[in-house]
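Take a look at the letters that make up each chain.
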2 protein chains.
Amino acid sequence: MSTAHSARARARIEVTAAIKDEARRQLAAEGAAKLSLRAVARELGMVSSALYRYFPSRDDLLTALIIDAYDALGEAAEAVRDNATQPVERWIAVCEAVRAWSLAHPHEYALIYGSPVPGYTAPDTTVQPAARVGLVLIGIVRDAIRGPGVTFPPLPAELRPEAERLAADIAPDLPPEVSPALAAAWAQLFGLVGFELFGQFNRVVEDRESFFRHAAGQLARGVGLR
Amino acid sequence: MSTAHSARARARIEVTAAIKDEARRQLAAEGAAKLSLRAVARELGMVSSALYRYFPSRDDLLTALIIDAYDALGEAAEAVRDNATQPVERWIAVCEAVRAWSLAHPHEYALIYGSPVPGYTAPDTTVQPAARVGLVLIGIVRDAIRGPGVTFPPLPAELRPEAERLAADIAPDLPPEVSPALAAAWAQLFGLVGFELFGQFNRVVEDRESFFRHAAGQLARGVGLR
DNA sequence: CAAAAAAGAGAGCACTGCTCTTGCAATGGA
DNA sequence: TCCATTGCAAGAGCAGTGCTCTCTTTTTTG
(Lines give C-alpha, C1' and ligand atoms only; values in the text may rest on other atoms or scores of the structure.)
Protein backbone atom coordinates (compact mmCIF):
# COMPACT_ATOMS: atom_id res chain seq x y z
CA MET A 1 0.00 0.00 0.00
CA SER A 2 1.61 3.23 -1.10
CA THR A 3 0.85 6.03 1.23
CA ALA A 4 2.35 9.26 0.10
CA HIS A 5 4.02 9.11 3.48
CA SER A 6 6.06 5.97 3.16
CA ALA A 7 8.78 5.13 5.61
CA ARG A 8 11.24 6.67 3.22
CA ALA A 9 9.32 9.93 2.96
CA ARG A 10 9.09 10.17 6.72
CA ALA A 11 12.79 9.51 7.06
CA ARG A 12 13.50 12.23 4.54
CA ILE A 13 11.52 14.76 6.54
CA GLU A 14 13.31 13.78 9.72
CA VAL A 15 16.76 13.93 8.18
CA THR A 16 15.98 17.28 6.58
CA ALA A 17 14.93 18.64 9.95
CA ALA A 18 18.01 17.19 11.62
CA ILE A 19 20.24 18.87 9.07
CA LYS A 20 18.56 22.21 9.61
CA ASP A 21 18.79 21.83 13.37
CA GLU A 22 22.47 21.03 13.29
CA ALA A 23 23.07 23.84 10.81
CA ARG A 24 21.25 26.24 13.10
CA ARG A 25 23.42 25.07 15.96
CA GLN A 26 26.57 25.79 14.02
CA LEU A 27 25.13 29.08 12.85
CA ALA A 28 24.45 30.14 16.41
CA ALA A 29 27.87 29.00 17.53
CA GLU A 30 30.09 30.37 14.79
CA GLY A 31 28.12 32.48 12.36
CA ALA A 32 27.04 32.01 8.79
CA ALA A 33 30.45 32.20 7.20
CA LYS A 34 31.72 29.27 9.23
CA LEU A 35 28.71 27.13 8.58
CA SER A 36 30.17 24.14 6.81
CA LEU A 37 28.22 21.43 5.05
CA ARG A 38 30.94 18.93 5.82
CA ALA A 39 30.86 19.76 9.52
CA VAL A 40 27.08 19.40 9.60
CA ALA A 41 27.31 16.04 7.89
CA ARG A 42 30.13 14.92 10.16
CA GLU A 43 28.14 15.84 13.25
CA LEU A 44 25.18 13.90 11.94
CA GLY A 45 27.30 10.85 11.22
CA MET A 46 26.79 10.98 7.51
CA VAL A 47 29.18 11.59 4.69
CA SER A 48 29.16 15.03 3.14
CA SER A 49 28.00 13.92 -0.28
CA ALA A 50 24.90 12.39 1.23
CA LEU A 51 23.82 15.80 2.44
CA TYR A 52 23.50 17.03 -1.11
CA ARG A 53 20.48 14.75 -1.54
CA TYR A 54 18.66 17.08 0.84
CA PHE A 55 20.09 20.48 0.00
CA PRO A 56 21.58 20.86 -3.46
CA SER A 57 24.00 23.51 -2.27
CA ARG A 58 25.18 25.42 0.75
CA ASP A 59 23.15 28.40 -0.40
CA ASP A 60 19.99 26.32 -0.44
CA LEU A 61 20.60 25.32 3.15
CA LEU A 62 21.13 28.96 4.03
CA THR A 63 17.92 29.90 2.26
CA ALA A 64 16.02 27.38 4.35
CA LEU A 65 17.53 28.85 7.50
CA ILE A 66 16.71 32.36 6.33
CA ILE A 67 13.05 31.51 5.82
CA ASP A 68 12.90 29.88 9.23
CA ALA A 69 14.50 32.93 10.81
CA TYR A 70 12.05 35.33 9.18
CA ASP A 71 9.21 33.14 10.37
CA ALA A 72 10.54 32.92 13.90
CA LEU A 73 10.98 36.67 14.10
CA GLY A 74 7.57 37.28 12.59
CA GLU A 75 6.03 34.89 15.05
CA ALA A 76 7.74 36.63 17.96
CA ALA A 77 6.27 39.92 16.78
CA GLU A 78 2.80 38.51 16.27
CA ALA A 79 2.86 36.84 19.66
CA VAL A 80 2.96 40.14 21.54
CA ARG A 81 0.83 42.16 19.15
CA ASP A 82 -2.31 41.90 21.23
CA ASN A 83 -0.74 42.09 24.68
CA ALA A 84 -1.58 45.77 25.02
CA THR A 85 -4.59 47.80 24.06
CA GLN A 86 -3.14 51.26 23.64
CA PRO A 87 -1.67 51.60 20.14
CA VAL A 88 1.59 53.12 21.35
CA GLU A 89 2.03 50.35 23.89
CA ARG A 90 1.32 47.73 21.26
CA TRP A 91 3.84 49.30 18.90
CA ILE A 92 6.50 49.41 21.58
CA ALA A 93 5.78 45.83 22.59
CA VAL A 94 6.29 44.64 19.04
CA CYS A 95 9.51 46.61 18.70
CA GLU A 96 10.78 45.17 21.96
CA ALA A 97 9.85 41.66 20.82
CA VAL A 98 11.85 42.19 17.65
CA ARG A 99 14.79 43.40 19.68
CA ALA A 100 14.54 40.55 22.16
CA TRP A 101 14.42 37.90 19.46
CA SER A 102 17.35 39.50 17.68
CA LEU A 103 19.49 39.67 20.80
CA ALA A 104 18.69 36.03 21.47
CA HIS A 105 19.50 34.95 17.91
CA PRO A 106 22.22 37.31 16.73
CA HIS A 107 23.56 35.11 13.97
CA GLU A 108 20.13 34.39 12.59
CA TYR A 109 19.44 38.10 12.68
CA ALA A 110 22.67 38.72 10.82
CA LEU A 111 21.58 36.15 8.27
CA ILE A 112 18.41 38.03 7.39
CA TYR A 113 19.21 41.68 8.12
CA GLY A 114 22.98 41.74 7.88
CA SER A 115 25.03 41.73 4.74
CA PRO A 116 23.61 39.53 2.05
CA VAL A 117 25.71 36.41 1.76
CA PRO A 118 28.37 36.33 -1.00
CA GLY A 119 26.82 36.74 -4.40
CA TYR A 120 23.67 35.34 -2.92
CA THR A 121 20.32 36.84 -3.88
CA ALA A 122 17.29 35.90 -1.87
CA PRO A 123 14.81 33.82 -3.85
CA ASP A 124 11.16 34.80 -4.00
CA THR A 125 10.28 32.22 -1.38
CA THR A 126 11.71 34.54 1.23
CA VAL A 127 9.66 37.65 0.48
CA GLN A 128 6.47 36.53 2.15
CA PRO A 129 8.01 35.50 5.50
CA ALA A 130 10.16 38.63 5.36
CA ALA A 131 7.06 40.80 5.38
CA ARG A 132 5.55 39.51 8.59
CA VAL A 133 7.04 42.04 10.99
CA GLY A 134 6.11 44.85 8.64
CA LEU A 135 2.55 43.58 8.45
CA VAL A 136 2.27 43.53 12.22
CA LEU A 137 3.37 47.16 12.40
CA ILE A 138 0.95 48.14 9.65
CA GLY A 139 -1.83 46.37 11.49
CA ILE A 140 -1.22 48.31 14.66
CA VAL A 141 -1.42 51.61 12.83
CA ARG A 142 -4.49 50.49 10.94
CA ASP A 143 -6.31 49.57 14.12
CA ALA A 144 -5.31 52.81 15.79
CA ILE A 145 -6.52 54.91 12.90
CA ARG A 146 -10.06 53.54 13.19
CA GLY A 147 -10.08 55.61 16.34
CA PRO A 148 -11.13 59.27 16.17
CA GLY A 149 -9.18 62.26 15.11
CA VAL A 150 -5.86 60.90 13.94
CA THR A 151 -4.53 63.26 11.32
CA PHE A 152 -1.26 63.65 9.49
CA PRO A 153 0.61 66.66 8.19
CA PRO A 154 0.55 67.00 4.41
CA LEU A 155 3.43 65.49 2.49
CA PRO A 156 5.77 67.42 0.22
CA ALA A 157 4.50 67.36 -3.34
CA GLU A 158 7.42 65.31 -4.66
CA LEU A 159 6.61 62.50 -2.28
CA ARG A 160 2.88 62.28 -2.90
CA PRO A 161 2.97 59.88 -5.87
CA GLU A 162 5.29 57.52 -4.04
CA ALA A 163 3.21 57.75 -0.89
CA GLU A 164 0.04 56.86 -2.76
CA ARG A 165 1.64 53.98 -4.62
CA LEU A 166 3.15 52.76 -1.37
CA ALA A 167 -0.15 52.98 0.46
CA ALA A 168 -1.94 51.15 -2.33
CA ASP A 169 0.66 48.38 -2.27
CA ILE A 170 1.14 47.71 1.40
CA ALA A 171 -1.89 49.12 3.20
CA PRO A 172 -4.83 50.05 0.97
CA ASP A 173 -6.94 51.10 3.94
CA LEU A 174 -4.40 53.54 5.32
CA PRO A 175 -4.19 57.22 4.37
CA PRO A 176 -1.26 57.83 2.02
CA GLU A 177 0.16 60.43 4.36
CA VAL A 178 1.30 57.79 6.80
CA SER A 179 2.79 55.24 4.42
CA PRO A 180 6.25 56.80 4.02
CA ALA A 181 6.57 57.27 7.76
CA LEU A 182 5.60 53.66 8.25
CA ALA A 183 8.16 52.35 5.80
CA ALA A 184 10.80 54.58 7.35
CA ALA A 185 9.94 53.50 10.88
CA TRP A 186 10.16 49.89 9.79
CA ALA A 187 13.69 50.40 8.48
CA GLN A 188 14.68 52.56 11.42
CA LEU A 189 13.59 49.93 13.89
CA PHE A 190 16.10 47.55 12.37
CA GLY A 191 18.69 50.28 12.35
CA LEU A 192 18.35 50.52 16.12
CA VAL A 193 18.42 46.77 16.61
CA GLY A 194 21.30 46.25 14.18
CA PHE A 195 23.46 48.93 15.75
CA GLU A 196 23.04 47.40 19.17
CA LEU A 197 23.61 43.89 17.88
CA PHE A 198 26.63 44.60 15.74
CA GLY A 199 28.42 46.56 18.43
CA GLN A 200 27.99 50.05 17.05
CA PHE A 201 26.57 51.17 20.38
CA ASN A 202 29.51 49.82 22.36
CA ARG A 203 30.95 52.56 24.53
CA VAL A 204 28.10 54.82 23.36
CA VAL A 205 24.74 53.65 24.63
CA GLU A 206 24.80 51.90 27.99
CA ASP A 207 21.24 51.62 29.23
CA ARG A 208 20.04 49.83 26.14
CA GLU A 209 16.57 48.96 27.39
CA SER A 210 15.58 52.48 28.35
CA PHE A 211 17.15 53.90 25.25
CA PHE A 212 15.40 51.45 22.97
CA ARG A 213 12.05 51.83 24.63
CA HIS A 214 12.23 55.57 24.25
CA ALA A 215 13.36 55.36 20.63
CA ALA A 216 10.57 52.90 19.83
CA GLY A 217 8.11 55.30 21.38
CA GLN A 218 9.39 58.08 19.18
CA LEU A 219 8.96 55.83 16.15
CA ALA A 220 5.38 55.27 17.22
CA ARG A 221 4.77 58.99 17.38
CA GLY A 222 6.31 59.32 13.95
CA VAL A 223 3.65 57.09 12.46
CA GLY A 224 0.90 59.04 14.14
CA LEU A 225 0.25 56.95 17.25
CA ARG A 226 -0.53 58.82 20.47
CA MET B 1 73.37 55.26 4.68
CA SER B 2 70.38 54.55 6.88
CA THR B 3 67.44 56.72 6.06
CA ALA B 4 64.36 55.64 7.91
CA HIS B 5 62.90 55.50 4.43
CA SER B 6 65.18 53.05 2.77
CA ALA B 7 64.34 51.56 -0.59
CA ARG B 8 62.96 48.56 1.22
CA ALA B 9 60.71 50.65 3.44
CA ARG B 10 59.35 52.47 0.43
CA ALA B 11 58.78 49.22 -1.39
CA ARG B 12 56.95 47.90 1.62
CA ILE B 13 54.59 50.84 1.63
CA GLU B 14 53.92 50.43 -2.06
CA VAL B 15 53.33 46.71 -1.86
CA THR B 16 51.05 47.17 1.14
CA ALA B 17 49.03 49.71 -0.81
CA ALA B 18 48.91 47.46 -3.86
CA ILE B 19 47.61 44.60 -1.75
CA LYS B 20 44.88 46.76 -0.27
CA ASP B 21 43.93 48.10 -3.68
CA GLU B 22 43.65 44.65 -5.19
CA ALA B 23 41.76 43.43 -2.12
CA ARG B 24 39.36 46.35 -2.46
CA ARG B 25 38.86 45.46 -6.10
CA GLN B 26 37.95 41.90 -5.21
CA LEU B 27 35.78 43.14 -2.38
CA ALA B 28 33.84 45.41 -4.72
CA ALA B 29 33.54 42.65 -7.28
CA GLU B 30 32.56 39.69 -5.16
CA GLY B 31 32.02 40.69 -1.57
CA ALA B 32 33.94 40.09 1.62
CA ALA B 33 33.31 36.37 1.88
CA LYS B 34 34.91 35.71 -1.48
CA LEU B 35 37.91 37.87 -0.80
CA SER B 36 40.78 35.42 -1.03
CA LEU B 37 44.35 36.07 0.01
CA ARG B 38 45.59 33.64 -2.59
CA ALA B 39 43.65 35.37 -5.35
CA VAL B 40 45.01 38.74 -4.29
CA ALA B 41 48.55 37.39 -4.30
CA ARG B 42 48.01 35.66 -7.65
CA GLU B 43 46.76 38.86 -9.21
CA LEU B 44 49.77 40.72 -7.89
CA GLY B 45 52.15 38.10 -9.23
CA MET B 46 53.39 37.04 -5.86
CA VAL B 47 53.12 33.77 -4.06
CA SER B 48 50.51 33.57 -1.31
CA SER B 49 52.96 33.02 1.51
CA ALA B 50 54.73 36.27 0.66
CA LEU B 51 51.57 38.17 1.38
CA TYR B 52 51.70 37.12 4.99
CA ARG B 53 54.75 39.34 5.42
CA TYR B 54 52.39 42.29 5.00
CA PHE B 55 49.16 41.12 6.61
CA PRO B 56 49.54 38.37 9.20
CA SER B 57 46.06 37.05 8.48
CA ARG B 58 43.04 37.52 6.32
CA ASP B 59 41.29 39.25 9.20
CA ASP B 60 44.08 41.80 9.44
CA LEU B 61 43.63 42.62 5.78
CA LEU B 62 39.91 43.00 6.37
CA THR B 63 40.55 45.26 9.34
CA ALA B 64 42.68 47.52 7.17
CA LEU B 65 39.89 47.68 4.60
CA ILE B 66 37.34 48.39 7.33
CA ILE B 67 39.33 51.35 8.63
CA ASP B 68 39.72 52.70 5.11
CA ALA B 69 36.00 52.33 4.51
CA TYR B 70 35.08 54.15 7.70
CA ASP B 71 37.46 56.91 6.74
CA ALA B 72 36.12 57.18 3.21
CA LEU B 73 32.56 57.36 4.47
CA GLY B 74 33.49 59.87 7.13
CA GLU B 75 35.26 61.97 4.58
CA ALA B 76 32.24 61.90 2.28
CA ALA B 77 30.10 63.14 5.15
CA GLU B 78 32.53 65.86 6.16
CA ALA B 79 32.89 67.01 2.57
CA VAL B 80 29.27 68.15 2.34
CA ARG B 81 28.87 69.31 5.89
CA ASP B 82 29.32 72.97 5.08
CA ASN B 83 27.54 73.04 1.73
CA ALA B 84 24.37 74.42 3.27
CA THR B 85 23.73 77.00 5.95
CA GLN B 86 20.34 75.98 7.27
CA PRO B 87 20.78 73.21 9.89
CA VAL B 88 18.08 71.00 8.40
CA GLU B 89 19.59 71.31 4.95
CA ARG B 90 23.01 70.49 6.30
CA TRP B 91 21.67 67.46 8.11
CA ILE B 92 19.92 66.21 5.01
CA ALA B 93 23.00 66.82 2.88
CA VAL B 94 25.12 64.69 5.21
CA CYS B 95 22.52 61.92 5.24
CA GLU B 96 22.38 61.97 1.47
CA ALA B 97 26.15 61.86 1.26
CA VAL B 98 26.17 58.81 3.49
CA ARG B 99 23.55 57.18 1.30
CA ALA B 100 25.37 58.07 -1.90
CA TRP B 101 28.68 56.70 -0.70
CA SER B 102 26.98 53.53 0.49
CA LEU B 103 25.19 52.94 -2.78
CA ALA B 104 28.45 53.47 -4.62
CA HIS B 105 30.37 51.08 -2.33
CA PRO B 106 27.88 48.45 -1.26
CA HIS B 107 30.39 45.80 -0.30
CA GLU B 108 32.48 48.20 1.71
CA TYR B 109 29.30 49.36 3.41
CA ALA B 110 28.45 45.76 4.17
CA LEU B 111 31.91 45.32 5.61
CA ILE B 112 31.43 48.04 8.20
CA TYR B 113 27.67 48.12 8.85
CA GLY B 114 26.60 44.64 7.81
CA SER B 115 27.08 41.46 9.75
CA PRO B 116 30.38 41.31 11.53
CA VAL B 117 32.68 38.95 9.71
CA PRO B 118 33.04 35.35 10.98
CA GLY B 119 34.10 35.31 14.58
CA TYR B 120 35.75 38.59 13.94
CA THR B 121 35.67 41.37 16.52
CA ALA B 122 36.71 44.83 15.49
CA PRO B 123 39.91 45.95 17.16
CA ASP B 124 40.11 49.30 18.92
CA THR B 125 41.85 50.85 15.94
CA THR B 126 38.49 50.98 14.21
CA VAL B 127 36.53 52.91 16.82
CA GLN B 128 37.92 56.34 16.02
CA PRO B 129 37.29 56.24 12.24
CA ALA B 130 33.92 54.66 12.95
CA ALA B 131 32.85 57.73 14.87
CA ARG B 132 33.41 60.28 12.12
CA VAL B 133 29.89 60.28 10.66
CA GLY B 134 28.43 60.50 14.12
CA LEU B 135 30.65 63.45 14.95
CA VAL B 136 29.52 65.28 11.84
CA LEU B 137 25.89 64.84 12.85
CA ILE B 138 26.63 65.99 16.37
CA GLY B 139 28.40 69.03 15.02
CA ILE B 140 25.41 70.07 12.97
CA VAL B 141 23.14 69.91 15.97
CA ARG B 142 25.64 71.72 18.13
CA ASP B 143 25.92 74.58 15.66
CA ALA B 144 22.17 74.82 15.30
CA ILE B 145 21.61 74.93 19.01
CA ARG B 146 23.77 78.03 19.40
CA GLY B 147 20.85 79.69 17.66
CA PRO B 148 18.00 81.05 19.75
CA GLY B 149 15.10 79.25 21.25
CA VAL B 150 15.70 75.60 20.47
CA THR B 151 14.06 73.61 23.22
CA PHE B 152 13.37 69.95 23.79
CA PRO B 153 10.57 68.12 25.53
CA PRO B 154 11.55 66.64 28.89
CA LEU B 155 12.72 63.04 28.90
CA PRO B 156 11.07 60.23 30.85
CA ALA B 157 12.69 59.89 34.25
CA GLU B 158 14.13 56.43 33.53
CA LEU B 159 16.08 57.81 30.59
CA ARG B 160 17.56 60.86 32.28
CA PRO B 161 20.68 59.21 33.74
CA GLU B 162 21.52 57.58 30.44
CA ALA B 163 20.86 60.82 28.58
CA GLU B 164 23.20 62.75 30.82
CA ARG B 165 25.95 60.15 30.64
CA LEU B 166 25.51 60.00 26.88
CA ALA B 167 25.65 63.77 26.53
CA ALA B 168 28.75 63.96 28.72
CA ASP B 169 30.45 61.27 26.64
CA ILE B 170 29.70 62.31 23.10
CA ALA B 171 28.71 65.97 23.20
CA PRO B 172 29.45 67.79 26.44
CA ASP B 173 28.13 71.05 25.10
CA LEU B 174 24.74 69.68 24.10
CA PRO B 175 21.71 69.58 26.38
CA PRO B 176 21.10 66.04 27.65
CA GLU B 177 17.57 66.10 26.28
CA VAL B 178 18.81 65.77 22.73
CA SER B 179 21.46 63.09 23.18
CA PRO B 180 19.20 60.01 23.01
CA ALA B 181 17.45 61.36 19.95
CA LEU B 182 20.79 61.96 18.34
CA ALA B 183 22.05 58.47 18.99
CA ALA B 184 18.78 57.05 17.74
CA ALA B 185 18.81 59.15 14.59
CA TRP B 186 22.36 58.02 13.92
CA ALA B 187 21.33 54.38 14.07
CA GLN B 188 18.10 55.00 12.16
CA LEU B 189 19.97 56.68 9.33
CA PHE B 190 21.88 53.46 8.77
CA GLY B 191 18.68 51.49 9.06
CA LEU B 192 17.31 53.42 6.10
CA VAL B 193 20.50 53.06 4.09
CA GLY B 194 20.95 49.40 4.95
CA PHE B 195 17.39 48.47 4.04
CA GLU B 196 17.75 50.09 0.65
CA LEU B 197 21.16 48.56 0.06
CA PHE B 198 20.36 45.05 1.16
CA GLY B 199 17.20 44.82 -0.87
CA GLN B 200 14.65 45.09 1.91
CA PHE B 201 12.94 47.92 0.05
CA ASN B 202 12.64 45.93 -3.18
CA ARG B 203 9.05 45.92 -4.33
CA VAL B 204 8.25 48.27 -1.45
CA VAL B 205 9.84 51.67 -1.89
CA GLU B 206 10.26 52.80 -5.48
CA ASP B 207 11.15 56.48 -5.44
CA ARG B 208 14.12 56.02 -3.20
CA GLU B 209 15.48 59.55 -3.46
CA SER B 210 12.29 61.31 -2.46
CA PHE B 211 11.60 58.78 0.23
CA PHE B 212 15.05 59.07 1.71
CA ARG B 213 15.13 62.83 1.58
CA HIS B 214 11.85 62.99 3.43
CA ALA B 215 12.91 60.44 6.00
CA ALA B 216 16.19 62.27 6.58
CA GLY B 217 14.23 65.47 7.10
CA GLN B 218 12.11 63.76 9.71
CA LEU B 219 15.24 62.56 11.47
CA ALA B 220 16.44 66.15 11.52
CA ARG B 221 13.22 67.26 13.15
CA GLY B 222 13.61 64.45 15.68
CA VAL B 223 16.88 65.94 16.89
CA GLY B 224 15.36 69.38 17.20
CA LEU B 225 16.39 70.97 13.91
CA ARG B 226 13.88 73.26 12.28
C1' DC C 1 82.78 43.39 4.94
C1' DA C 2 80.34 40.36 7.78
C1' DA C 3 76.19 39.73 10.59
C1' DA C 4 71.46 40.44 10.84
C1' DA C 5 67.05 41.47 9.28
C1' DA C 6 63.57 41.34 5.72
C1' DA C 7 61.47 39.43 1.83
C1' DG C 8 60.24 35.86 -1.53
C1' DA C 9 59.54 30.89 -3.10
C1' DG C 10 57.73 26.54 -2.60
C1' DA C 11 56.05 22.54 -0.34
C1' DG C 12 52.70 20.91 2.66
C1' DC C 13 48.59 20.48 6.11
C1' DA C 14 43.95 20.55 7.05
C1' DC C 15 39.98 22.28 5.56
C1' DT C 16 36.09 23.78 2.25
C1' DG C 17 32.03 23.13 -1.59
C1' DC C 18 30.84 20.19 -4.97
C1' DT C 19 30.75 16.20 -8.56
C1' DC C 20 30.87 11.63 -10.06
C1' DT C 21 30.72 6.77 -9.78
C1' DT C 22 29.53 2.67 -7.36
C1' DG C 23 26.76 -0.35 -4.39
C1' DC C 24 22.75 -1.22 -1.67
C1' DA C 25 17.99 -1.16 -0.19
C1' DA C 26 13.26 0.34 -0.23
C1' DT C 27 9.41 1.01 -3.46
C1' DG C 28 5.81 -0.01 -6.45
C1' DG C 29 3.93 -1.94 -10.92
C1' DA C 30 3.44 -6.60 -13.62
C1' DT D 1 5.93 -12.55 -6.02
C1' DC D 2 9.49 -10.98 -9.00
C1' DC D 3 12.04 -7.23 -10.92
C1' DA D 4 12.91 -2.79 -12.69
C1' DT D 5 12.95 1.77 -10.92
C1' DT D 6 14.02 4.97 -7.71
C1' DG D 7 16.22 7.06 -3.46
C1' DC D 8 19.95 7.16 -0.70
C1' DA D 9 24.61 6.52 1.14
C1' DA D 10 29.50 6.02 0.60
C1' DG D 11 33.92 7.07 -1.20
C1' DA D 12 37.20 9.03 -4.20
C1' DG D 13 38.55 13.06 -6.33
C1' DC D 14 38.95 18.13 -8.00
C1' DA D 15 39.90 22.75 -7.27
C1' DG D 16 40.07 26.01 -4.10
C1' DT D 17 41.01 28.12 0.71
C1' DG D 18 43.96 30.05 5.10
C1' DC D 19 48.05 29.35 7.11
C1' DT D 20 52.75 27.40 8.55
C1' DC D 21 56.88 25.77 7.77
C1' DT D 22 61.72 25.69 5.57
C1' DC D 23 65.01 27.32 2.37
C1' DT D 24 67.14 30.89 -0.49
C1' DT D 25 68.01 35.53 -1.90
C1' DT D 26 68.32 40.36 -1.20
C1' DT D 27 68.90 44.42 1.42
C1' DT D 28 70.15 46.90 5.46
C1' DT D 29 73.01 47.78 9.31
C1' DG D 30 76.94 47.80 12.81
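Per chain, the residues get numbers from 1 upward, laid out in the order the sequence is written. Lettering of chains starts at A and numbering of ligands starts at 1, both following the order in which they are written. Only residues with pLDDT of at least 70 are given local features in this predicted model, and only at 80 or more are side-chain atom pairs given and counted; all residues enter the totals for whole chains, interfaces and linings. Think of the side-chain values as coming from all heavy atoms in the structure, minus any hydrogens and water.

Peer 1: I'm lost on the relation of the copies chain B and chain A in this one. Help?
Peer 2: Each of the two chain copies can be generated from the other by rotation about an axis followed by a shift along it. Superposing copies: least-squares fit, C-alpha atoms only, residues required to have pLDDT of at least 70 in both. The two copies are related by a screw operation: chain B maps onto chain A through 180° of rotation and 0.0 Å of translation along the axis, at an RMSD of 0.1 Å. The transformation just described matches what one would write down for a two-fold rotation axis. Nearest to the rotation axis, the C-alpha of G191(B) is located 1.8 Å from it, this being the minimum over chain B. Two residues qualify as a contact provided that any one of their heavy atoms is within 4.5 Å of a heavy atom in the partner residue. When the interface residues of chain B are mapped onto chain A, 100% of them are again interface residues, pointing to one common binding face.

Peer 1: Explain the environment of T126(B) here, please?
Peer 2: All names here are of chain B. Secondary structure elements follow DSSP: runs of H or I no shorter than four residues count as helices, runs of E no shorter than two count as strands, and numbering proceeds from the N terminus. Assignment of secondary structure puts T126 in the loop between α6 (106–113) and α7 (127–130). Note: C-alpha distance between T126 and D68 (58 residues apart in sequence) is 9.3 Å. The residues touching T126, leaving out its near neighbours within four places in the chain, are T63, I66, I67 and Y70.

Peer 1: So what exactly am I meant to see when it comes to the interface of chain B and chain A here?
Peer 2: Reports of interface size often rely on the accessible area that becomes lost once the parts have come together. Taken together, the contacts link 46 residues of chain B with 46 residues of chain A. Both faces considered, chain B and chain A share a buried interface measuring about 3700 Å² in area, 67% of it formed by carbon and sulfur atoms. Should a side-chain nitrogen of Lys or Arg be within 4 Å of a carboxyl oxygen of Asp or Glu, the pair is scored as a salt bridge. Summed over the shared surface of chain B and chain A, the number is 0 salt bridges. Identification of polar contacts relies on pairs of N or O atoms within 3.5 Å, with a donor-acceptor requirement for protein atoms, meaning one able to donate a hydrogen and the other able to accept it, and with residues adjacent in sequence counted only if both atoms are side-chain atoms. In this structure, the connection of chain B to chain A is made through 11 residue pairs in polar contact (both at pLDDT 80 or more). Only α6, α9 (160–170), α10 (179–197) and α11 (208–222) of chain B provide two or more residues apiece to the side of chain B that touches chain A. At 10 residues, the largest contribution of residues to the side of chain B that touches chain A is made by α10(B). For any pair of parts, buried area is found by adding up, for both, the accessible area (1.4 Å probe) each one loses once the two are put together.

Peer 1: Looking at this model, I keep getting lost on the protein's contact with DNA strand C. Mind explaining?
Peer 2: The environment of DNA strand C is formed by 23 residues, the closest being L37(A), R38(A), R42(A), R58(A) and S49(B). Those atoms of DNA strand C that come within 4 Å of the protein belong to sugar or phosphate at a rate of 51%. Interatomic distance of 3.5 Å between a backbone N/O atom of V47(B) and a phosphate oxygen of DNA strand C. Among the elements of the structure, α1 (7–30), α2 (37–43) and α3 (48–51) of chain A together with α1 (7–30) and α3 (48–51) of chain B are those that each provide at least two residues to the surface near DNA strand C. Top element by residues in the surface near DNA strand C is α2(A). It accounts for 3 residues. For the surface near DNA strand C, a count of residues per class yields 8 nonpolar, 7 polar and 8 charged. Residue proximity to a molecule or strand is established when one non-hydrogen atom of the residue lies within 4 Å of it. Residue classes follow a fixed rule: Ala, Val, Leu, Ile, Met, Phe, Trp, Tyr, Cys and Pro count as nonpolar, while Asp, Glu, Lys and Arg count as charged, and any other residue, Gly among them, counts as polar.

Peer 1: Honestly, the domain arrangement of chain A in this entry has me stumped. Any pointers?
Peer 2: All names here are of chain A. Per the annotation, domain bounds derive from an automatic or database assignment of domains. Once the domains are mapped, chain A shows domain 1 (1–56) and domain 2 (64–222). The C-alpha centroid of domain 2 is placed 32 Å from the C-alpha centroid of domain 1. The interface is formed by 10 residues belonging to domain 1 together with 6 residues belonging to domain 2. Here domain 1 packs against domain 2, burying approximately 700 Å² in sum over the two surfaces, 70% of which is carbon and sulfur. Of the charged contacts in the structure, one is a salt bridge between K20 and D68, with a shortest N-O distance of 3.0 Å.

Peer 1: For this particular structure, what's the right way to read the packing of aromatic side chains?
Peer 2: Any two aromatic rings considered together are summarised by their centre-to-centre distance and by the angle between their planes. Within 6.5 Å between ring centres, the rings of Phe, Tyr and Trp (the latter by its six-membered ring) count as paired, and their orientation is classed by plane angle as stacked under 30 degrees, edge-to-face over 60, tilted in between. For the structure shown, the criterion picks out 22 aromatic pairs over all chains. By the ring-pair criterion, three or more aromatic residues cluster together here, those being Y70(A), Y109(A), Y113(A), W186(A), F190(A), F198(A), F195(B), F201(B) and F211(B). Here, a charge over a ring is recorded when the distance from Lys NZ or Arg CZ to the ring centre is within 6 Å and its angle to the ring normal is within 35 degrees. The cationic tip of R99(B) hangs over the ring face of F212(B); the distance from NZ or CZ to the ring centre is 5.5 Å.

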